[in-house]
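# Inside the fold
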2 protein chains.
Amino acid sequence: METGSQVRKTPYYAVIFYSKRTDGDNGYGSMADRMEELARRQPGFLGVESVRDASGEGITVSYWESLDAISSWKRDEAHQAAQHKGKQEWYKQYKVRICRVEREYGFDGL
Amino acid sequence: METGSQVRKTPYYAVIFYSKRTDGDNGYGSMADRMEELARRQPGFLGVESVRDASGEGITVSYWESLDAISSWKRDEAHQAAQHKGKQEWYKQYKVRICRVEREYGFDGL
């Protein structure tokens, strides 16, 4: 996975997706892989960071060049179907926040 | 934990902290609890979402009323000490992004 550790010129945009999964996989894993693969091919995609713990709580942050790139991805047909199934089946709860990244810094001890 | 699922009036600010932990606890767990407790008492703190998986990859997003609130917390003395020890001992790598939250929406099937 791209970890977003590369430095980019700000501003760019971030989508913070916080979620709680329902129990069981129910096709979620393969859908998540496919959505990440599709997102990477969208114009304006910059990177993604994603973590889910054993309790089913997860945060995925995707990074984009513009708000338009985010809107286009939201409207993508396969993504729309996944969003629909997400509400029906995969998520107990989620929250989406669209943000403008103003500044970034980091540490790399590797 | 506050999950940030409550709706807030935008804009507000988010700090996205993506990290990879070193092996072993080395006092990390108790420090993390203490930092969260301290952050909650800072003026302008709005909420936090935090997930770490078994591999040691984690994302913590904290939400704030203003950039000033974020700067004050960064300069807090106990927090400064934790940041220092973070680089020395707890993190292999991290990335901090300061963002302005423009828009939010969510789903609650609970």
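As a reminder, the structure under discussion sits directly above these lines.
Residues numbered from 1 in each chain as written. Chains lettered and ligands numbered in written order. Predicted model: local features only at pLDDT ≥ 70, side-chain atom pairs only at ≥ 80, totals over all residues. Heavy atoms only, no water.

Residue and element names in this part refer to chain B. Among the eight residues in strand S2 (residues 45-52), six count as buried, and that is most of the element. Direction of pairing for S2 relative to strand S3 (residues 57-64): antiparallel, over a ladder of seven bridges. The residue bridging Glu49 from the neighbouring strand is Val61, located in S3. Linkage of S2 to S3, two consecutive antiparallel strands, is achieved through a turn of four residues, within which Gly56 is found at a positive phi near 95°. (Buried < 20%, exposed > 50% of the residue type's maximum accessible area, 1.4 Å probe, protein only. Helix = DSSP H or I, 4+ residues; strand = E, 2+ residues; numbered from the N terminus. Pairing = 2+ DSSP bridges.)

Residue-level contacts link 44 residues of chain B with 44 residues of chain A. Across the chain B/chain A interface, buried area totals approximately 4,000 Å², and carbon plus sulfur atoms make up 60% of it. For the chain B face of the interface with chain A, the top three residues by lost area are Arg97, Tyr105 and Phe107 of chain B, together amounting to 19%. The interface formed by chain B and chain A holds six salt bridges in total. The closest approach of N and O atoms between Glu104 of chain A and Lys95 of chain B, which form a salt bridge, is 3.1 Å. Counting across the interface, chain B meets chain A through 23 residue pairs in polar contact (both at pLDDT 80 or more). Those elements that place two or more of their residues in the side of chain B that touches chain A are strand S1 (12-21), S2, S3 and strand S4 (91-108) of chain B. Broken down by element, the residue count for the side of chain B that touches chain A peaks at 18 residues, all from S4 of chain B. Counted by class, the side of chain B that touches chain A contains 19 nonpolar, nine polar and 16 charged residues. (Contact = heavy atoms within 4.5 Å. Buried area = accessible area lost by both parts, 1.4 Å probe. Salt bridge = Lys/Arg side-chain N within 4 Å of Asp/Glu carboxyl O. Polar contact = N/O pair within 3.5 Å; in protein donor to acceptor, adjacent residues only side chain to side chain. Nonpolar A, V, L, I, M, F, W, Y, C, P; charged D, E, K, R; others polar.)

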